[in-house]
Amino acid sequence: MRTIDLILLLNDFKKNNRIFVEDGDQRLAVVDIEIIDDSIVLKTSNKLHGLKNWEFLVLLNKKDYYEFPIFYHNKNSHKQLFGFRVANDCLLLG
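Each residue is numbered by its place in its chain's sequence as written, counting from 1. In view of the model being predicted, local features appear only for residues whose pLDDT reaches at least 70, and side-chain atom pairs are presented and counted only at 80 or more, with totals across whole chains, interfaces and linings using the full set of residues. The basis for every side-chain value is the complete set of heavy atoms in the structure, and neither hydrogens nor water enter the calculation.

K.L.:
What exactly am I supposed to notice about unusual backbone geometry here?
P.N.:
If a residue is not glycine, its phi is most likely negative; likewise, a peptide bond is most likely trans. Unusually for a residue other than glycine, Asp 37 sits at a positive phi of about 45°. Tracing the chain through its elements places Asp 37 in the loop between strand 2 (26-35) and strand 3 (40-45). Unusually for a residue other than glycine, Asn 88 sits at a positive phi of about 50°. By the element assignment, Asn 88 lies in the loop between strand 6 (84-87) and strand 7 (90-93). Helix and strand assignments come from DSSP, with helices taken as H or I runs of at least 4 residues and strands as E runs of at least 2, each series counted from the N terminus.

Quick look at the structure:
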């Protein structure tokens, strides 16, 4: 998924929804982003509170990032983000 696509989709949701990455049965809170080789990698944590939707959108909404694909860290590699779902006022990316 490209950054601009995710931004447009997330704009329709509540500003205070928390952002998580859903990997199998595990939910990891998104706490920051990192730019690596013209792509965005989501930094996650299972111990910290996740970013709220508005905070996440502020980090992503930079014109230089719009065409970048989005990945999340999964064990020893990166997996590309393909979509999300909503559950219990949380946005679950995956």
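Moving on from the model shown.
K.L.:
Can you walk me through the packing of aromatic side chains in this structure?
P.N.:
Here a ring pair, both rings aromatic, is described through the centre-centre distance and the interplanar angle of the planes. Pairing of aromatic side chains requires ring centres within 6.5 Å, counting the rings of Phe and Tyr and the six-membered ring of Trp. Pairs whose planes differ by under 30 degrees are stacked, by over 60 edge-to-face, and all others tilted. Counting across every chain of the model gives two aromatic pairs. Note on Phe 13 and Phe 84: the rings are 5.5 Å apart at their centroids and 80° apart in plane angle, and the pair reads as edge-to-face. Of the two residues, Phe 13 is situated in the loop between helix 1 (3-10) and strand 1 (18-23) and Phe 84 in strand 6; the sequence distance between them amounts to 71 residues.

K.L.:
In this structure, what is going on with the side chain of Asn 17? I would like to understand it.
P.N.:
As for its position among the elements, Asn 17 is in the loop between helix 1 and strand 1. Within the structure, Asn 17 has its side chain in polar contact with the backbone nitrogen of Lys 14 (distance 3.1 Å). Apart from residues lying up to four places away in sequence, Asn 17 is in contact with Leu 51, Lys 52, Asn 53, Asp 89, Cys 90 and Leu 91. N or O atoms within 3.5 Å of each other form a polar contact, as long as, within protein, one can give a hydrogen and the other can take it, and as long as residues adjacent in sequence are counted only when both atoms are side-chain atoms. Note on contacts: a residue pair is in contact if any heavy atoms of the two residues lie within 4.5 Å.

K.L.:
Looking at this structure, I do not really get the pattern of salt bridges. What am I missing?
P.N.:
We count a salt bridge whenever a side-chain nitrogen from Lys or Arg sits within 4 Å of a carboxyl oxygen from Asp or Glu. Applying the stated criterion across every chain, the model contains five salt bridges. Among the salt bridges present, the one from Glu 22 reaches Arg 85, with a minimum N-O distance of 2.7 Å. Of the two residues, Glu 22 sits in strand 1 while Arg 85 sits in strand 6, which places them 63 residues apart along the sequence. On the basis of relative accessibility, which here comes to 21%, the residue Glu 22 falls in the partly exposed class. Relative accessible area decides the class of each residue, using a 1.4 Å probe on protein chains only: under 20% of the type maximum gives buried, over 50% gives exposed, and in between gives partly exposed. Exposure remark for Arg 85: the relative accessible area of 39% places this residue in the partly exposed category. The residue Lys 79 makes a salt bridge to Asp 23 at a minimum N-O spacing of 3.7 Å.

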